[in-house]
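# Coordinate analysis (summary)
Here is how the chains run, residue by residue.
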Amino acid sequence: MTGTQPQADIDLDPVTFEVLRSSFSNLVDRMAEQIERTCYSFVIYNRDFSNCLNDAEGNTVMQGSKDIAVHVGTLHYTCKATLEYFEGDINPGDVYMVNDPYLGGTHINDVRIMRPVFHDGELIAVTQSNGHWADVGGPAPGSFNIEANDHFAEGLRIPPVKIWDEGEFREDVANLLTTNMRLSEDRMGDLRAQTQATETAERRLLELVEKYGVDTVLTAFDESKDYVERIMRERIGELPDGTWHTQDYIDADPDAEEGFVTVDVEMTIDGEEVRYDLSGSDDHIGNFLNATFGTSFSAVVAGTKMFFPDVPLNSGLYRVVSANLPEGTVVDAPEPVPVTGSVAGAYEKVMNAIFELWSEVLPERAMACSFNLEYLLAGGRDQRPGRDGQEFAWYDWMAGGWGGRDGKDGSNATAPVFGAGLAVQSLEGQERDAPLLTSEHSIVTDSAGPGEYRGGCGVRKGGRVLACSNSVMSYCSDRARSVTWGINGGLPGIPHGVTLTQDGDPEPMGTVFSNRPIAEGDEFVRPSSGGGGFGDPLERDPEAVREDVIDEYVSIERAERDYGVVIEEIDADRCEYEIDREATEATREHIREHREGWLEADPEAVVERFEAGELDRLDLVRRYGVILDPTTGELLDRTTEQFREMLEARAASEWE
């Protein structure tokens, strides 16, 4: 059997079309319900999964209503690659598995299960389920190995493989794969849960075929894609033609001199189409923060879709939105370059850059940069009573702040932009699963980027290691240096990073490390940044700043230093604070006169003042644009120069 789409020459009336289009959406959402109720992995249970319905050529007909953004724009590539791989050997009852990031996928933790659907011996569709498996092997629990020089050191890369062959379960193949992964029983459970989801979708699709006829359903496939293309072309056609350009940055390339890694994005609106050109991006780097073509195209699609939230998503959109992603760059790393941390690296940089570009085109929907996705992972042997040294894998992500918007503050403590459907994981569920106790989970005061409309606030999460053995910790994030930025005069949030305390000695670990040994009694804490600010913070209503102080979003000290608003505490228990209007006017005038000069101050002199206690870390970032190495405290000259250039372009150039 081949992947050729059967053609139907009929016209659908609007009612039947809308019923079928909604039925396709319901079909995919039923897959989600199936997975959520039957998966083994706590990560997947917290909605790190996506599903879709593909046509017989692999094109996406419908995605789920709460899919993870990073999977959007990649599932059709995976499907097409699998259909091509098995061309001539695609049969009813087959089920395929693949996680290959170089075949249009994301990273090796995202495991896709696909089922071809037949009617009267003809391939009519493919149902697909993607789940983030908490471990797929490799030297680091969770398969996030920052020390990897190639994908061989990350985990098990799986090209398209048959797991069910004409209805027969290939247990030997499944065992071969899952045995090379930690908690193999859980991995097998997730495999079966995703497979069952594809079967649920197959059954529902064939019910629609039985009710409406195969020609009608296949016509609805085509018209669903045409519908999205038509809407998107109409929306784009209403906008002015032009080209817009910006850059975002990954903190550093460990194989190069210090300095940002550039993700360069140019967007062109030409008639009814949008083209992105990322050819100005730097070459791939020496760790796993690189992205593959599929991941970067996903970021392009998700970043664009954020500004057209009511437009459905399928392959019709890809006829309107295109991207030039040159191979060999950080946005299209070739095999065997490591890419497991791509979402925390290149992916979200592409998304946030696109947010900024569309903020110029559609200013009523403008949004500053959002906090960076981060993963903290631990694994080893659980030695708590009754656990008998069983294997554990703890896999945690945090919420954080989204960027300030035109006319509205950013969202506090929200899932990362890469996956807005992600749930904040249940602390109690995590503590049952693994010997790590959460000691703190709270809003971080002063984490939000200051602006006329401030960014949303980030979150601090702390924990303590309980009885365990042979256990290690890894961390994957970014923006310890390329701190979450504001736009239209807004200021940055706070740096990301983990602090690990062992034997009473706190140690800043930065944003990327792998396989750090941990033991009972060790403690750790990490904050997520708030979103960048939108607009000049000196234009923020002083009453709004006072309310932020009452809510403990902003401290009295930073209210004065970031917003120029002088507030006196009357009775904190009763939330009574007063604004000193005369002092506020004078302070704001002082900041206006000096702030551009602060960005030109000698960085070494600024660091001396910091070390003497005259300045704090937020003064360094927000007033002086000075960046220090998060682990050593060393001044980073080139990074500081680049960060100041960014502040000049996004903030100072907009100040009166």
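The notes below deal with the structure included here.

Thresholds applied
Residues numbered from 1 in each chain as written. Predicted model: local features only at pLDDT ≥ 70, side-chain atom pairs only at ≥ 80, totals over all residues. Heavy atoms only, no water. Helix = DSSP H or I, 4+ residues; strand = E, 2+ residues; numbered from the N terminus. Rg over C-alpha atoms; globule rule 2.2 N^0.38 Å. Contact = heavy atoms within 4.5 Å. Lys, Arg positive; Asp, Glu negative; His and termini not counted. Charge placed at Lys NZ, Arg CZ, Asp CG, Glu CD. Salt bridge = Lys/Arg side-chain N within 4 Å of Asp/Glu carboxyl O. Buried < 20%, exposed > 50% of the residue type's maximum accessible area, 1.4 Å probe, protein only. Pairing = 2+ DSSP bridges. Axes fitted to C-alpha atoms, helices over the stretch in contact; angles between N-to-C directions. Phe/Tyr/Trp six-rings, centres within 6.5 Å; stacked < 30°, edge-to-face > 60°. Lys NZ or Arg CZ within 6 Å of the ring centre and 35° of its normal. Arc of directions from axis to C-beta. Parallel < 35°, antiparallel > 145°, perpendicular 65-115°, else oblique. Left-handed = near helix turned anticlockwise from the far one by under 90°. Disulfide = S-S within 2.5 Å. Core = buried A, V, L, I, M, F, W, Y, C linked by side-chain atoms within 4.5 Å. Patch = residues over 30% accessible without salt bridge, like charges linked within 9 Å, V, L, I, M, F, W, Y side chains within 5 Å. Areas by Shrake-Rupley, 256 points an atom, 1.4 Å probe, with all protein chains shown as cover.

Before going further, it helps to spend a moment on the overall build of the protein. Within the protein one finds 15 helices and 22 strands. On C-alpha atoms alone, the protein measures out to a radius of gyration of 25 Å, which is about the 26 Å that the 2.2 N^0.38 rule sets for 656 residues. Projected onto its principal axes, the C-alpha coordinates of the protein cover approximately 80 × 65 × 50 Å. Long-range pairs, those at least 24 residues apart, make up 73% of the contacts in the protein with a sequence separation of at least 6. Charge centroids of the protein, computed over 56 positive and 124 negative side chains, lie 4 Å from each other.

To continue, consider the pattern of salt bridges. Overall, the coordinates contain 47 salt bridges when judged by the stated rule. Put simply, arginine 47 and glutamate 36 hold a salt bridge, and the shortest N to O gap is 3.0 Å. Here arginine 47, found in the loop between helix 2 (42-45) and strand 1 (49-55), pairs with glutamate 36, found in helix 1 (residues 14-38); they are 11 residues apart in sequence, far enough to count as distant. When its relative accessible area of 15% is taken as the criterion, arginine 47 is described as buried. Note that arginine 182 is salt-bridged to aspartate 135, the shortest N-O span being 2.9 Å. Linking arginine 182 in the loop between helix 4 (171-179) and helix 5 (184-212) with aspartate 135 in the loop between strand 5 (122-132) and strand 6 (161-165), this pair joins segments that are 47 residues apart in sequence. When sorted by exposure, arginine 182 lands in the same class as aspartate 135, which is buried. Here the salt bridges share partners, and the residues they tie into one network are Arg558, Arg561, Asp562, Asp616, Asp619 and Arg622.

A separate point is the sheet that holds strand 18 (residues 505-510). One open sheet accounts for five strands, arranged 14-15-20-17-18; its pairing is antiparallel. Every interior strand has two partners, whereas the edge strands, strand 14 (436-443) and strand 18, have only one. Direction aside, the axes of adjacent strands within the sheet are offset by 20° on average. Where strand 15 (residues 459-465) and strand 20 (residues 523-527) come together, five bridges link them in antiparallel fashion. Across the sheet, the residue bridging to arginine 460 is proline 527, located in strand 20.

Our next topic: the packing of aromatic side chains. Any pair of aromatic rings gets described here by the distance separating the centres and the angle formed by the planes. Applying the stated criterion to the full structure yields 23 aromatic pairs. Plain terms: the ring middles of phenylalanine 86 and tyrosine 96 are 4.6 Å apart, the flat faces sit at 15° to each other, and that makes the pair stacked. Of this pair, phenylalanine 86 sits in the loop between helix 3 (75-85) and strand 3 (95-98) while tyrosine 96 sits in strand 3; the two residues are 10 residues apart in sequence, bridging distant segments of the chain. You can call phenylalanine 86 buried: its relative accessible area is 11%. With a centroid separation of 6.5 Å and 75° between ring planes, the pair formed by tyrosine 375 and tryptophan 397 is classed as edge-to-face. In this pair, tyrosine 375 sits in strand 12 (residues 375-382) while tryptophan 397 sits in strand 13 (residues 390-397), placing the two residues 22 residues apart along the sequence. Above the plane of the ring of tryptophan 485 lies arginine 650, whose end atom (NZ or CZ) is 3.7 Å from the centre.

On to helix 13 (residues 603-611), then. Within helix 13 the residues assigned to the buried category are Val606, Val607 and Phe610. In an axial view of helix 13, the angular spread of the buried residues amounts to 100°, which keeps them on one side of the axis. In this structure, helix 13 carries Glu604 and Glu608 as exposed residues pointing more than 90 degrees from its buried face. At its buried positions, helix 13 is contacted by helix 14 (617-624). Positive backbone phi, approximately 90°, marks glycine 613, located one or two places after helix 13.

Following both chains from N to C, one finds helix 11 (residues 556-563) and helix 14 inclined at 20°, their axes separated by 11 Å at the closest point. Judged on the interaxial angle alone, helix 14 and helix 11 are roughly parallel. As for how helix 11 packs across helix 14, the hand of that crossing is right-handed. Only Leu618, Asp619, Arg622 and Arg623 of helix 14 make contact with helix 11, whose side of the interface consists of Arg558, Arg561 and Asp562.

Before going further, it helps to spend a moment on the state of the cysteines. On inspection of all chains with the given rule, the structure shows zero disulfides. Cysteine 457 provides the cysteine sulfur closest to cysteine 369, a residue in no disulfide bond, and the two sulfurs are 15 Å apart.

Turning to the nonpolar core, a few remarks are in order. By size, the foremost hydrophobic cluster in this structure holds 69 residues, and its most contacted members are Ile236, Tyr276, Phe308, Tyr347, Trp358, Tyr375 and Phe418. Residue assignment for this core shows that the elements contributing at least two residues are helix 6 (214-237), strand 8 (242-250), strand 9 (261-270), strand 10 (273-277), helix 7 (293-305), helix 8 (343-361), strand 12 and strand 13. Ignoring any residue separated from it by four or fewer positions in sequence, one finds tyrosine 375 in contact with Asp48, His132, Phe144, Tyr395, Asp396, Trp397, Phe418, Ser474, Tyr475 and Cys476. Core analysis: the second largest hydrophobic core is formed by 45 residues, Leu12, Ile44, Ala197 and Phe221 among them.

Moving on, we get to a negative patch on the surface. The grouping of Glu568, Glu578, Asp580, Glu582, Glu585, Glu589 and Glu593 at the surface amounts to a negative patch. The element that contributes the greatest number of residues to the negative patch is helix 12 (residues 581-598), accounting for four residues. Inspection of the secondary structure assignment puts aspartate 580 in the loop between strand 22 (576-579) and helix 12.

Glycine aside, a negative phi is what most residues show, and trans is what most peptide bonds show. The omega angle of the peptide bond from glutamate 335 to proline 336 is 5°, so this bond is cis rather than trans. Checked against the element boundaries, proline 336 lands in the loop between strand 11 (321-324) and helix 8. A positive phi is found at aspartate 120, a non-glycine position, where the angle reads about 50°. Within the secondary structure, aspartate 120 is located in the loop between strand 4 (110-119) and strand 5. The class of aspartate 120 is exposed, set by a relative accessible area of 72%. Of note, aspartate 446 is a non-glycine position whose phi angle comes to about 70°, a positive value. Tracing the backbone shows aspartate 446 in the loop between strand 14 and strand 15. Residue class for aspartate 446 comes out buried when judged on its relative accessible area of 12%.

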